[in-house]
Amino acid sequence: MSNAVPPSTSAIATSAAAEEQPRGLGGLRYFLVKLGGAAISMAMVILLGFFAFKILPGDPVASIARERGMSAEQVAQLREQLGLNKPLWQQFIDYLGNVFTLNFGTSYVYRTSVSELIGMYFWNTILLTGTAAIIAIALGLWLGQKAAWKHGSTFDRIVSGTSLVFWSVPTFWLALLLLMIFGGTLHWFPTGGMVSPNPPTDPVGAVLDVISHMVLPVITMVAVVYAQYLMVMRSSLLEEMGADYLTTARAKGLREDLVRRRHAVPNALLPTVTLVFMHIGGLIAGAVTVETVFSWPGLGKLTFEAISGPDLPLLQGTFVVFSTIIIVMNLIADLIYRQLDPRVRRA
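Everything numeric in this text was worked out from a predicted model, so none of it was measured. (Residues numbered from 1 in each chain as written. Predicted model: local features only at pLDDT ≥ 70, side-chain atom pairs only at ≥ 80, totals over all residues. Heavy atoms only, no water.)

Draft legend 1. Expanded view of the overall build of the protein chain. When you go through the protein chain residue by residue, the secondary structure sums to 14 helices and 0 strands. The helix and strand sequence of the protein chain, counted from the amino end, reads α-α-α-α-α-α-α-α-α-α-α-α-α-α. The burial tally for the protein chain puts 39% of its 347 residues in the buried class. Counting contacts in the protein chain only where the partners sit at least 6 residues apart, residues at least 24 apart contribute 73% of the total. Summed over all atoms, the accessible surface of the protein chain reaches about 19,000 Å², with 67% contributed by carbon and sulfur. (Helix = DSSP H or I, 4+ residues; strand = E, 2+ residues; numbered from the N terminus. Buried < 20%, exposed > 50% of the residue type's maximum accessible area, 1.4 Å probe, protein only. Contact = heavy atoms within 4.5 Å. Areas by Shrake-Rupley, 256 points an atom, 1.4 Å probe, with all protein chains shown as cover.)

Structure below.
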């Protein structure tokens, strides 16, 4: 009898074990559900990437033939060379094989592998959109928590009103406006490209040259994006400001600045984390307009040129890449949010 486990201790251990097991299974089930949803979305993207672009107006072979002055026999040979004379189902099989081997075929216009073109331009887009995303996130979160803590003040009204104005402005219109004023009229910044025609040879000068070309497109992207982070952060913090734990923190004698930074802001960041990852993917995919206006050599400009062709392999390749980035970012956002918010883990 002396070695028997007390009933209360046994009950507690059994309850803890029973609680821990569903939590682990729940986490695995949650991951598999989200992964399955991402896989279904990816399958729809692959299907859409083939059939949607097949109905685009314009014949790429006819466009190439007009530019090169080709004869009817040469046009027929080119159509056979590009595989456009095959039945639609055979073209779809070839397309699936290219997608699953990360080989999107050969560009009609560039006569180069689409995968190589995407690899060449991808990091330029990451540089531009990554810089814009970091600035927009930092600016939006900082102004959002300041505006919420000073709710109803002149600062709050000015910051919120300005952000909503920029949020409502069409991206291409703002890009053209900045280009005309600061590039064309004032000549403060380059009007396009990533480097100057005669770039500096020293490393520091080369970096500064790239930065000068980035200023206007980065400002454009930040201006139309940061408001989303600002408004979500402001709204989340306003919901937290009346919570009991903040009253307790104040009762302990903490200054308002510490109450905001140590208690209110970390809890208000939870919904913003999801927004950050979701909009990073959207920001990269939305670079088409900005890169086209500023002639930035990235995937956005490449996509615009593919549409103008139409260059179907290049268009399909960039579409799949952009869509994959958005799907992966959304998946990461869901998984991170579950780890940060215990309410989601218990659901």
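Draft legend 2. Structural view of the packing of helix α6 (residues 154-168) against helix α8 (residues 203-240). Interhelical geometry of α6 versus α8 gives an angle of 135 degrees and a closest axis separation of 8 Å. Classified by the angle their axes make, α6 and α8 are oblique. The hand of the α6/α8 crossing is left-handed. Here α6 contributes D156, V159, S160, T162, S163, L164, F166 and W167 to the contact with α8, which in turn contributes A223, V224, Y226, A227, Q228, L230, M231 and R234. Looking at the contact of α6 with α8 residue by residue, the classes come out as 10 nonpolar, 4 polar and 2 charged. (Axes fitted to C-alpha atoms, helices over the stretch in contact; angles between N-to-C directions. Parallel < 35°, antiparallel > 145°, perpendicular 65-115°, else oblique. Left-handed = near helix turned anticlockwise from the far one by under 90°. Nonpolar A, V, L, I, M, F, W, Y, C, P; charged D, E, K, R; others polar.)

Draft legend 3. Structural view of a nonpolar patch on the surface. Taken together, the side chains of F172, W173, L176, M180, I181, L186 and W188 make up a nonpolar region of the molecular surface, amounting to roughly 740 Å² of accessible area. Inspection of the secondary structure assignment puts L176 in helix α7 (residues 171-185). (Patch = residues over 30% accessible without salt bridge, like charges linked within 9 Å, V, L, I, M, F, W, Y side chains within 5 Å. Salt bridge = Lys/Arg side-chain N within 4 Å of Asp/Glu carboxyl O.)

Draft legend 4. How the structure looks around the environment of T112. Note on placement: T112 falls in the loop between α4 (88-100) and α5 (114-149). Taking C-alpha positions, T112 is 9.7 Å from L314, a pair spaced 202 residues apart along the chain. Excluding anything up to four places from it in sequence, T112 contacts G105, T106, S107 and L117.

Draft legend 5. View of unusual backbone geometry. Positive phi is not limited to glycine here, since R111 has a value of about 55 degrees. Turning to its location among the elements, R111 is positioned in the loop between α4 and α5. Since its relative accessible area comes to 35%, R111 is described here as partly exposed.

Draft legend 6. Broad picture of the nonpolar core. With 42 residues, the main nonpolar core has M221, Y229 and F294 as its most contacted residues. The dominant element in this core, judged by the number of residues it contributes, is α8, at 15 residues. In contact with Y229, not counting residues within four places along its chain, are A136, I137, G140, L141, L275, V276, H279 and I280. In terms of nonpolar packing, the next biggest core, distinct from the first, is built from 29 residues, V45, V320, I327 and M329 among them. (Core = buried A, V, L, I, M, F, W, Y, C linked by side-chain atoms within 4.5 Å.)

Draft legend 7. View of the packing of aromatic side chains. Applying the stated criterion to the full structure yields 7 aromatic pairs. Residues F122 and W123 carry aromatic rings whose centres are separated by 5.1 Å and whose planes lie at 80 degrees to one another, so their mutual orientation is edge-to-face. Feature note: the residues F50, F51, F92 and Y95 constitute an aromatic cluster, connected by ring pairs. Here the guanidinium or amino end of K150 rests over the ring plane of F155, the centre of that ring lying 5.2 Å away. (Phe/Tyr/Trp six-rings, centres within 6.5 Å; stacked < 30°, edge-to-face > 60°. Lys NZ or Arg CZ within 6 Å of the ring centre and 35° of its normal.)

Draft legend 8. Representation of the pattern of salt bridges in the model. By the definition in use, this model includes 3 salt bridges. Between D156 and R234 there is a salt bridge, and its shortest N-O distance comes to 2.9 Å. A residue pair is termed long-range when its members are at least 10 positions apart, and D156 in helix α6 and R234 in helix α8 qualify at 78 residues. Note on accessibility: D156 and R234 belong to one class, buried.

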